[in-house]
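# Structural characterization, general
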Amino acid sequence: MEPGEGILQQIRQVLLFFVCLGGSLVCSETWRYSVAEETETGSFIANVVKDIGSSVEDMVARGARVIFDDYKPYLWLDLQTGNLLLNEPLDREALCDLTEPCILHFQVLLENPLQFFRAELWVRDINDHTPTFLDKDILLKIPEGTAPGTSFQMESAQDLDVGKNGVQNYTLSPNPHFHLKLADSDEGRKYPELVMDQSLDREKEPELRLMLTALDGGSPPRSGTAVVRVLVLDINDNAPEFERPVYEVQVPENSPLDSLVVKVSATDLDAGINGELSYSFSHVSRDVRKTFEIHSVSGEVHLKALLDFEFIQSYIINIQAIDGGSLSGKSTILVRVIDVNDNPPEIVITSLTSPIPENSSPEMVIAVFSVRDQDSEDNGRMVCSIQDNLPFLLKPTFKNFYTLVTERPLDRESRAEYNVTITVTDLGSPRLKTQHNITVLVSDVNDNAPAFTQTSYTLFVHENNSPALHIGSVSATDTDAGANAQVTYSLLPPQDPHLPLASLVSINADNGQLFALRALDYEALRALEFRVGATDRGSPALSSQALVRVLVLDANDNSPFVLYPLQNGSAPCTELVPRAAEPGYLVSKVVAVDGDSGQNAWLSYQLLKATEPGLFGVWAHNGEVRTARLLSERDAAKHRLVVLVKDNGEPPLSASVTLHVLLVDGFSQPYLPLPEAAADPAQADPLTVYLVIALASVSSLFLFSVLAFIAVRLCRRGRAASVPEGHFPGRLVDVSGTGTLSQSLQYEVCLMGGSGTNDEFKFLRSVASNHQESVNDVEENSNFVNGFGFN
């Protein structure tokens, strides 16, 4: 054995010794405490300090605690005060059931030294339970001939409380037949007995209901109830009795076999087998037994054979009812046979015409028929009719013959078939009637024109469509039937004789589908309006029309077209810009249009290429070309700008235009750079000489005109000056930067050049505004030998 295990074994032996020693330290006196059940948690029970004869400090030091035999903490010890307090509400019935007294054993344990004190907790009963019957409905079966004084024992009520809180008494609701007697059981409990005071009569009162009440001895007392149901058993003391001594019935002679003649009924006040009755014939003739039969249980009398009024007019039948105790009752049935109307009318159709045209004239004969009835007098008289709300009439003809004719014209579209019921009723009692159904079909005539589903149709098609494209459908219906309802579609001649409708659109004659025969161009034809017809195949044929509007949707199939500057291959014109121009100076404006519409025609501008990037800019929305910065002497004199014009279509299309810009120092003394290759001075060009002479003449004439103009202005001070036209076509340049030509100053410039000849450069005029008093600028003309080249 290891050393550690030996030490543990010694500790166990020492503990066992102290336990055995503690047994001698158990106090022989048993303390008794009591508490009422359902007392609240924390209620004071006793103070153990006084019972032990010690102090609170000693109890705390010795670790005092309470231990119950079933190890449940019903009480707890407050070590601060030494009070025993209730740990939870106690239920005496749950702890001890019916055991009395209810005692819970526990010990108070003290350590160092070990000491036990035995104690008992008596749980007192309170009246917290109501007496209850295990069976709330107590059934007693008592024969109606039972003698008075007979007693009937009943089950007692149960009460979980004990002692005086248990069941102490029983009471019975007042009644003339029974009273209650209490008896003691072997266990010492009381149980009730029902004692009969008066005989019972089941026929008067087949069942009694009494209220049994159980009372306990608590304060206040509690009670529980049960219903005592006394079922009175029958004895055969009553004979059967029929409702009537004589039953008189009338039976029609044509009553079918097994038909009910009469149902007799007898009653017996007894119950069970004594009240079960059996019906039968009593001393009847052979004719009665051959003709009638009676059901032994239900009392129903049925026919076994057909009646004949002419043979027997009445029957007398004796019947009896016998109960299970062999007591019987008797009655008589008097059957009178009644002559009835037993022959229904008959209908015979002679002729029938169906179908009939819907446009038939009124009183057209549809059917001829006859009626008859084999009965006589009122039973043989007949009335003939058809349903209401039908376009037909019945007309009597010869004897019992009738004709069915039309009352008004028929409409097959409203109703194509009529079910006519001919009803013939005699005047007998009861009246008999016969019905005959005939079906009248209405044939169609072409009386309805086709009707389009819409009075007008709007169709959309994109331009540049593929030929034979299905662009839509029209639809018409005809309420007629057969060939009268078969619709054929066609294109009607257009109102505009110049419209080539047949080459643009076609229609499927069978289903109304429309097709575009060739590609449509939105720019050439934006809308197409025509009429279509729908014609049925009736005779005569009927037709109707509908308007069709075809709207061509634009596609981006046109590139922008530049209106200014013109790009027609002629000599390009140059835009002049003074070097003193401020940033934002309007150089020119590109004007372009697009043949498309909508967003396909929204144009934007951008500078695609420039001789010197950053010097000029193009406004994206209006095409204005403006200077982007100040001009300097180092900037080249000649500039070539390529402007891109692009639309907003998908995909976008574009066009480009080239602008030539010449930078000059000013407009008063125009400047042109020297030609790159000067002509040989030794050799004079005759054409140059002629040009110089012509230019001098023109300059003189122009100077004379200016002087005359100044004179006129002096005479008319307030009038506007007239501007003479130049000899050469020119470009107008906007100097003010407003996007249009300014009223304050306009220049017309034209450059013309050719191979082997001198180029000409002309400043035609500078025009003052109308409100200026005088002309300040004078046009100057100069000819130069060499022209300018532009890239």
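The structure presented is a predicted model; accordingly, all values stated were derived computationally and were not measured.

Let's shift gears to the overall build of the chain. Per the secondary structure count, the chain includes seven helices and 53 strands. Across the 791 residues that make up the chain, the buried fraction comes to 38%. The long-range fraction of contacts in the chain, counting pairs at least 24 apart against all pairs at least 6 apart in sequence, stands at 66%.

A separate point is the sheet that holds strand 27 (residues 382-385). With mixed pairing, the four strands of this open sheet are ordered in space as 25-31-30-27. Looking at the sheet topology across the chains shown, the edges are occupied by strand 25 (356-357) and strand 27. Relative to strand 30 (residues 417-426), strand 27 runs antiparallel, the two sharing four bridges. In the sheet register, C384 faces strand 30, and the bridge partner there is V424.

The predicted model of the chain averages 79 in pLDDT, with 82% of residues at 70 or higher. Counted against residues more than four places away or in other chains, residues 1-24, with its pLDDT under 50, gives four contacts. Within the model, the stretch residues 668-684 combines pLDDT values under 50 with 16 contacts to residues more than four positions away or in other chains.

Moving on: the environment of N47. Along the polypeptide, N47 turns up in strand 2 (residues 44-47). Separated by 31 residues in sequence, N47 and D78 place their C-alpha atoms 9.3 Å apart.

By the definition in use, this model includes 10 aromatic pairs. Here the aromatic rings of F292 and Y315 are separated by 5.0 Å at their centres, their planes lie at 80°, and the arrangement is edge-to-face. Here the residue F292 occupies a position in strand 20 (residues 292-294), and Y315 occupies one in strand 22 (residues 314-322), the gap between them amounting to 23 residues. Accessibility classification places F292 together with Y315 in one group, the buried group. Grouping aromatic residues by their ring pairs yields a cluster made of Y33, F68 and F106. In this structure, R626 is placed above the aromatic ring of W619, and the distance from its NZ or CZ to the ring centre is 4.9 Å.

What follows deals with the pattern of salt bridges. In this structure the tally under the stated criterion is 18 salt bridges. Across the salt bridge formed by R549 and E529, the nearest N and O atoms sit 3.0 Å from each other. One end of the pair, R549, is in strand 40 (residues 543-553); the other, E529, is in strand 39 (residues 527-536), and 20 residues separate them in sequence. Taking relative accessible area as the criterion, R549 reaches 29% and is therefore assigned partly exposed. Salt-bridge contacts for E624 lead to R626; the nearest nitrogen and oxygen are separated by 2.7 Å.

On the surface, F561, L563, V591 and V593 cluster together to form a nonpolar patch covering roughly 330 Å² of accessible area. Elements with a minimum of two residues in the nonpolar patch: strand 41 (561-564) and strand 44 (591-593). Topologically, F561 is positioned in strand 41. Since its relative accessible area comes to 51%, F561 is described here as exposed.

What follows deals with the side chain of E193. You can see E193 is positioned in strand 12 (residues 190-196). Setting aside anything within four residues of it in sequence, one finds E193 in contact with S151, F152, Q153, M154, H179, L180, K181 and A183.

To continue, consider the environment of D287. Tracing the sequence through the fold places D287 in helix 5 (residues 286-291). Taking the C-alpha atoms as reference points, D287 and I312, separated by 25 residues in sequence, lie 9.9 Å from one another.

Across the eight residues of strand 26 (residues 365-372), six count as buried, placing the element largely inside the fold. Examined bridge by bridge, strand 24 (residues 346-352) and strand 26 share six bridges and lie antiparallel to one another. Within strand 26, the position partnered with I349 by the bridge is F369.

A separate point is the sheet that holds strand 38 (residues 513-516). With antiparallel pairing, the three strands of this open sheet are ordered in space as 34-38-37. Whereas interior strands pair on both sides, the edge strands pair on one side only; in this sheet they are strand 34 (469-473) and strand 37 (505-507). When strand polarity is set aside, the average angle formed by the axes of neighbouring strands in this sheet is 30°.

Attention now moves to the nonpolar core. Ranked by size, the top nonpolar core spans 28 residues in total, and within it Y33, L84, F106 and L121 carry the most contacts. The set of elements that each furnish at least two residues to this core consists of strand 1 (26-36), strand 2, helix 2 (48-52), strand 3 (65-68), strand 4 (75-78), strand 5 (83-86), strand 6 (102-110) and strand 7 (115-124). Residue contributions to this core peak at five residues, all from strand 6.

A few words on the pairing of strand 21 (residues 300-303). Sheet analysis places strand 17 (residues 260-263) next to strand 21, joined by three bridges and oriented antiparallel. Pairing of L260 across the sheet is with H302, part of strand 21. Here three bridges tie strand 20 to strand 21, and the two strands are oriented antiparallel to one another. Looking at the pairing, I294 lines up with V301 of strand 21. Taking the residues between adjacent antiparallel strands as the criterion, strand 20 and strand 21 are bridged by five residues, where G299 takes a positive phi near 80°.

Secondary-structure assignment places F616 in strand 46 (residues 616-618). The sequence separation of F616 and P583 amounts to 33 residues, and the corresponding C-alpha distance is 9.1 Å. With sequence-adjacent residues up to four places away left out, F616 is seen in contact with V587, L607, V625, R626, T627, A628, H639, L641, V661 and L663.

Cut-offs used in this document
Residues numbered from 1 in each chain as written. Predicted model: local features only at pLDDT ≥ 70, side-chain atom pairs only at ≥ 80, totals over all residues. Heavy atoms only, no water. Helix = DSSP H or I, 4+ residues; strand = E, 2+ residues; numbered from the N terminus. Buried < 20%, exposed > 50% of the residue type's maximum accessible area, 1.4 Å probe, protein only. Contact = heavy atoms within 4.5 Å. Pairing = 2+ DSSP bridges. pLDDT = per-residue confidence, 0-100. Phe/Tyr/Trp six-rings, centres within 6.5 Å; stacked < 30°, edge-to-face > 60°. Lys NZ or Arg CZ within 6 Å of the ring centre and 35° of its normal. Salt bridge = Lys/Arg side-chain N within 4 Å of Asp/Glu carboxyl O. Patch = residues over 30% accessible without salt bridge, like charges linked within 9 Å, V, L, I, M, F, W, Y side chains within 5 Å. Areas by Shrake-Rupley, 256 points an atom, 1.4 Å probe, with all protein chains shown as cover. Axes fitted to C-alpha atoms, helices over the stretch in contact; angles between N-to-C directions. Core = buried A, V, L, I, M, F, W, Y, C linked by side-chain atoms within 4.5 Å.

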